[in-house]
Amino acid sequence: MSFDPSARKKKKVDCGKLCPEWECRQPGEFEGIWVIGEIEDGQIHEASLQMLTPARNIAEKLQTWIEGVLIGGDKEALEKAAKEVIYHGADKVRIIYHPDLKVYSADQYALVLSEEAKRVKPEVIFVAATLRGREFGPYIANTLRAGITADCTNFDVDMKTGDVVMIRPPFGAIMLAHIKTPTRRPQMGTARPNVFPIPERDESRTGEITWIELESIPQRRAFLEEVTIIPQTELPIEKADYLVSGGRGVATKELWSLLEELAKEMGAVVAGSRKAVDMGFIPHEKQVGQTGKTVKPKLYIAVGISGAAQHTFGIREAGIVVAINKDPEAPIFKASDYGIVGDAKEVLPLLIEEIKKLK
Ligand SMILES: Cc1cc2nc3c(=O)[nH]c(=O)nc-3n(C[C@H](O)[C@H](O)[C@H](O)COP(=O)(O)OP(=O)(O)OC[C@H]3O[C@@H](n4cnc5c(N)ncnc54)[C@H](O)[C@@H]3O)c2cc1C
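Since the structure is predicted, the reported quantities are computational estimates derived from the model, not experimental observations.

Cut-offs applied
Residues numbered from 1 in each chain as written. Predicted model: local features only at pLDDT ≥ 70, side-chain atom pairs only at ≥ 80, totals over all residues. Heavy atoms only, no water. Disulfide = S-S within 2.5 Å. Helix = DSSP H or I, 4+ residues; strand = E, 2+ residues; numbered from the N terminus. Buried < 20%, exposed > 50% of the residue type's maximum accessible area, 1.4 Å probe, protein only. Axes fitted to C-alpha atoms, helices over the stretch in contact; angles between N-to-C directions. Parallel < 35°, antiparallel > 145°, perpendicular 65-115°, else oblique. Left-handed = near helix turned anticlockwise from the far one by under 90°. Contact = heavy atoms within 4.5 Å. Arc of directions from axis to C-beta. Domains from an automatic or database assignment. Buried area = accessible area lost by both parts, 1.4 Å probe. Salt bridge = Lys/Arg side-chain N within 4 Å of Asp/Glu carboxyl O.

Engineer: Help me understand the state of the cysteines in this model?
Structural biologist: Every disulfide links exactly two cysteines, by a covalent bond between their sulfur atoms. Per the stated rule, a full pass over the model turns up 1 disulfide. Residue pairing for Cys-15: its cysteine sulfur links by disulfide to Cys-24, the two sulfurs lying 1.8 Å apart. Taking the sign of the S-S torsion, 70° for the link of Cys-15 and Cys-24, the bridge is right-handed. The cysteine Cys-19 is free of any disulfide, with Cys-15 supplying the nearest cysteine sulfur at 11 Å.

Engineer: How should I be thinking about the environment of Lys-359 in this particular structure?
Structural biologist: Within the secondary structure, Lys-359 is located in the segment after helix 10 (344-358). The class of Lys-359 is exposed, set by a relative accessible area of 66%. Between the C-alpha atom of Lys-359 and that of Leu-299, which follows or precedes it by 60 residues, the distance is 19 Å.

Engineer: Which parts of the structure should I look at to understand the packing of helix 7 (residues 253-266) against helix 10?
Structural biologist: A pair of packed helices is characterised by two quantities: the angle between their axes and the separation of those axes. Two elements in contact, helix 7 and helix 10, have axes separated by 10 Å at closest approach and are oriented at 20°. Here helix 7 lies roughly parallel to helix 10, going by the angle between them. Both helix 7 and helix 10 take part in a crossing whose hand is left-handed. Along the contact surface, helix 7 presents Glu-254, Leu-255, Leu-258, Leu-259, Glu-261, Leu-262, Glu-265 and Met-266, while helix 10 presents Ala-344, Lys-345, Leu-348, Pro-349, Leu-351, Ile-352, Ile-355 and Lys-356.

Engineer: It is not clear to me how helix 3 (residues 52-62) should be interpreted in this structure. Could you clarify?
Structural biologist: Each α-helix winds once per 3.6 residues, and so residues spaced three or four apart point in a common direction. Residues of helix 3 that are buried: Leu-52, Pro-54, Ala-55, Ile-58, Ala-59 and Leu-62. Buried positions in helix 3, seen along its axis, are confined to an arc of 155° and lie on one side of it.

Engineer: What is the right way to look at the domain arrangement of the protein in this model?
Structural biologist: It is common to give the size of an interface as the accessible area that goes away when the parts come together. Domain annotation of the protein identifies domain 1 (6-213) and domain 2 (237-358). One C-alpha centre belongs to domain 1, the other to domain 2; they are set 35 Å apart. At the junction of the two partners, domain 1 supplies 13 residues and domain 2 supplies 14 residues. Overall, the association of domain 1 and domain 2 removes approximately 950 Å² of surface from exposure, summing both partners, and the carbon and sulfur fraction of that is 47%. Joining domain 1 to domain 2, the criterion identifies 0 salt bridges.

Dropping the structure here:
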């Protein structure tokens, strides 16, 4: 069944039945998909480009266009980012510029984007669930009284109504919730980095770029006093090709240092389960899983991790998964390509020794 685009224009709601304090907005007046592009250190964020993948799928189903939306105060960076957004699949780009938008501020960005959304009326807004996206995304949704579904793992379209179906694991991650917003527009959704691949880059793609140069912007309520750059000594786990990940089964000083030694010998980055975070062995940014990060290493070694659904959710994109667990019935073996049943205390020194021999 394909969607009949004329049905979009006819979509009407009885605003009297909705919250009387909310401005009445007819869904039929909204069209197009916005993908908000985040710019970090002068570059378009990979996670924003990844959102163009589900956007293309939904745009095809709804027979509509994708508009990348950029905001900032650095013309050169905005121009460069706009081209990247088009090369990666957007049909056009809208740039919202004001020199004072050079420094990110959640409330200012959200208010400016909300004003533009009120004017342009996009049917859908996709935001990458980066640290910033998680901050300004819900702010926009609240300002627009639109609702937002966070951390989606897929998106679809209800072909009868044209409503976007936001798909995400609810608490527990053992089933998928399908969430629609039938009466409010825009429909907003976020997805975490690495849930979708970046669409192929094609420099021959072209698209219209519209500059909106604002004369004034809302006062920011929070001021940036100081920026401290914490030097990155290793790759973030979502970018690492090799990960050695530990759970409660190795959450002792002695076993954890063996796990770190294995990672060092392999040139791998250390990650872990939520239990490893709770027990203070790793910071939250190294947590793999539903409330942590989705990783896509070539090799993932899970040591002393049981394999709860909330954990394995984060390794769906991993290449080869090796599990080391002393319980042969541990669910992690079902999510692994290779399994070693044994005590980490014995297995880790053997692996370290073998890797040293290869050098
Ligand atoms: C809403 C929600 C979101 C969540 N999000 C996440 C998430 O993002 N990431 C995440 O990881 N969890 C998440 N969790 C928690 C998740 O449900 C599990 O509790 C958690 O993953 C278990 O961590 P673990 O495997 O390290 O510990 P356990 O489940 O306690 O497993 C420890 C394993 O180690 C093995 N073991 C013990 N000793 C040894 C040894 N000496 N050698 C070898 N093996 C040994 C045991 O056999 C066992 O299988 C979430 C839970 C909820 C409710």
